[in-house]
Amino acid sequence: MNRIGAHLHIATGIDPLIKEIQLLNINTLQIFSGSPRTYRKTATTNSESLKYLENKLQEINIYPLVIHAPYLVNLGSLREDVALKSAYTLENELRFLEILNGQFLVFHFGTSKTPLNEKRMIYYLDSLADMVPPGINLLLENNPGGETSKIVYLQNLINKVSKPDRLGICLDTCHLYAAGYNLRNNDSVNHIFEEADGMVKLIHLNDSRGNLGSGVDRHAHIGKGNIGLQGIITFLHHKYIDDLPIIIETPKDSPDADGDNLKILRHILGRKMVDSN
Ligand SMILES: [Zn+2]
């Protein structure tokens, strides 16, 4: 059984967040700890309110709890100061996750376009993996283009870290498609999971406004992009997806947008159970 959830905002307050979770009837959740476009935290880090949030999330059975790191994080940056700032940011995010009793910290490799310093990336991944408490995983998210969009590259990278069990992969469907993985084709989906070699821990579900292999990172509503409903069904009905948590990261262009996307997701997953019986 897949647990399903959405990326929601906590900037509007804890109680509205909990209300929204209940309204959407989800059992996993992704949030930012602060502003996603700066290194600095802007959300509440007051320990009392974090404790309150942790209790509430437990009460309503949210599992896994996922924190998405700011977009600027790039451990493999060619600039040492950027890589260092990124490592500090991730360290803070890890603490935040630990206080909230969460499970996954998802982060990107910076832009798809610039080359990265792999040695530096492994150095920082090593030091972060040392700090990861039991029960928490650092998840590398696949990029929509460049070398870091290749799943085999992520898998190899994780195996170069001294504690690979502290890491994992978050697969984003829009990014997969933009990187040239055709989710409408079952063999292609097989190939993704063979490359990942058991390291996928979480799915970000989006359709893609960009074309196959375009490198364009533009998320679309489920079934309304170029992957299309049939492509999303092929992907979600794949045997490797069976127990993975799924978080939608679809556009929030109307008040009902998340609810509508979740409805389609539930329908597809419900169909899968019928088909496999
Ligand atoms: Zn994503």
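Here the structure is a predicted model, which is why all the values come from computation and not from measurement.

A.B. asks: Please provide a residue-by-residue account of the pairing of strand β3 (residues 65-68), values included.
C.D. replies: Both faces of the sheet carry side chains from a regular strand, because those side chains alternate between them. Because side chains alternate across β3, one face comprises the buried residues Leu-65 and Ile-67, and the other comprises Val-66 and His-68, equally buried. Alignment of strand β2 (residues 28-32) against β3, held across four bridges, turns out to be parallel. Following the sheet pairing, Gln-30 is matched in β3 by Val-66. Here β3 pairs with strand β4 (residues 104-107) via three bridges, running parallel. In the sheet register, His-68 faces β4, and the bridge partner there is Val-106. Following the chain from β3 across helix α3 (residues 80-99) to the adjacent parallel β4, one finds a crossover that is right-handed.

A.B. asks: Describe the environment of Lys-272, listing the residues and the values that go with them.
C.D. replies: With respect to the helices and strands, the residue Lys-272 is situated in helix α9 (residues 257-276). Placed 39 residues apart in sequence, Lys-272 and Ile-233 show a C-alpha to C-alpha distance of 8.7 Å. With residues up to four places along the chain from it excluded, the contact list for Lys-272 reads Leu-236 and His-237.

A.B. asks: Can you explain helix α4 (residues 118-131)? Please cite residues and give values.
C.D. replies: Taking 1.5 Å as the rise per residue, α4 with 14 residues should run 20 Å; its terminal C-alpha atoms sit 20 Å apart, in good agreement. Buried within α4 we find Met-121, Tyr-124, Leu-125 and Leu-128. For α4, the angular spread of the buried residues around the axis is 105 degrees, confining them to a single face. Exposed and oriented more than 90 degrees from the buried face of α4 are Lys-119 and Asp-130.

A.B. asks: Before we move on, could you go through the pairing of strand β7 (residues 200-205) and cite the residues and values that matter?
C.D. replies: The buried fraction of β7 is high, at six of six residues. Where strand β6 (residues 167-172) meets β7, four bridges bridge the pair, whose relative direction is parallel. Its bridge partner being in β7, Asp-172 is matched across the sheet by His-204. Two elements, β7 and strand β10 (residues 246-248), share three bridges in a ladder whose sense is parallel. Bridge pairing in β10 links Ile-203 to Ile-246.

A.B. asks: Let's hear about the sheet that holds β3: which residues, and what values?
C.D. replies: Spatially, the eight strands close up into a barrel ordered β1-β2-β3-β4-β5-β6-β7-β10, and their pairing is parallel. Shown here is a sheet whose adjacent strand axes are inclined to one another by a mean of 25 degrees, direction ignored.

A.B. asks: Please set out the environment of Ser-33 residue by residue, giving values where relevant.
C.D. replies: Within the element layout of this structure, Ser-33 appears in the loop between β2 and α2 (47-59). In this structure Ser-33 comes out as buried when scored by C-beta crowding, with 25 C-beta atoms within 10 Å.

A.B. asks: How would you explain the nonpolar core if you had to name every residue and give the values?
C.D. replies: One finds Leu-105, Val-106, Leu-139 and Ile-169 to be the most contacted residues of the largest nonpolar core, which totals 69 residues. In this structure Leu-105 touches Ile-67, Ala-69, Leu-90, Glu-93, Leu-94, Leu-97, Ile-136, Leu-138 and Leu-139, once residues within four positions along its chain are discounted.

A.B. asks: Could you give an account of the packing of helix α5 (residues 151-160) against helix α7 (residues 186-196), with specific residues and numbers?
C.D. replies: One can describe the packing of α5 onto α7 by two numbers: an axis separation of 8 Å at closest approach and a directional angle of 15 degrees. Taken together, the axes of α5 and α7 are roughly parallel relative to one another. Crossing angle aside, the handedness with which α5 passes α7 is right-handed. Every residue of α7 that contacts α5 at Ile-151, Val-152 and Gln-155 is listed here: Ile-192, Glu-195 and Ala-196. When its residues are assigned to classes, the contact of α5 with α7 shows four nonpolar, one polar and one charged.

A.B. asks: Can you break down unusual backbone geometry residue by residue, with the values?
C.D. replies: A cis amide bond links Tyr-63 to the next residue, Pro-64, at an omega of -10 degrees. Along the chain, Pro-64 falls in the loop between α2 and β3. In this model, Asn-25 sits at a positive phi of 60 degrees, which is unusual for a non-glycine residue. The class for Asn-25 is exposed, based on 11 C-beta atoms found within 10 Å. Even without a glycine there, the phi angle at Asn-101 is positive, about 60 degrees. On the secondary structure map, Asn-101 appears in the loop between α3 and β4.

Criteria and thresholds
- Residues numbered from 1 in each chain as written.
- Predicted model: local features only at pLDDT ≥ 70, side-chain atom pairs only at ≥ 80, totals over all residues.
- Buried ≥ 20, exposed ≤ 12 C-beta atoms within 10 Å, placed from the backbone.
- Helix = DSSP H or I, 4+ residues; strand = E, 2+ residues; numbered from the N terminus.
- Pairing = 2+ DSSP bridges.
- Right-handed = clockwise from strand over helix to strand, strands pointing away.
- Contact = placed C-beta atoms within 7 Å.
- Expected span 1.5 Å × (residues − 1).
- Arc of directions from axis to C-beta.
- Axes fitted to C-alpha atoms, helices over the stretch in contact; angles between N-to-C directions.
- Core = buried A, V, L, I, M, F, W, Y, C linked by C-beta atoms within 7 Å.
- Parallel < 35°, antiparallel > 145°, perpendicular 65-115°, else oblique.
- Left-handed = near helix turned anticlockwise from the far one by under 90°.
- Nonpolar A, V, L, I, M, F, W, Y, C, P; charged D, E, K, R; others polar.

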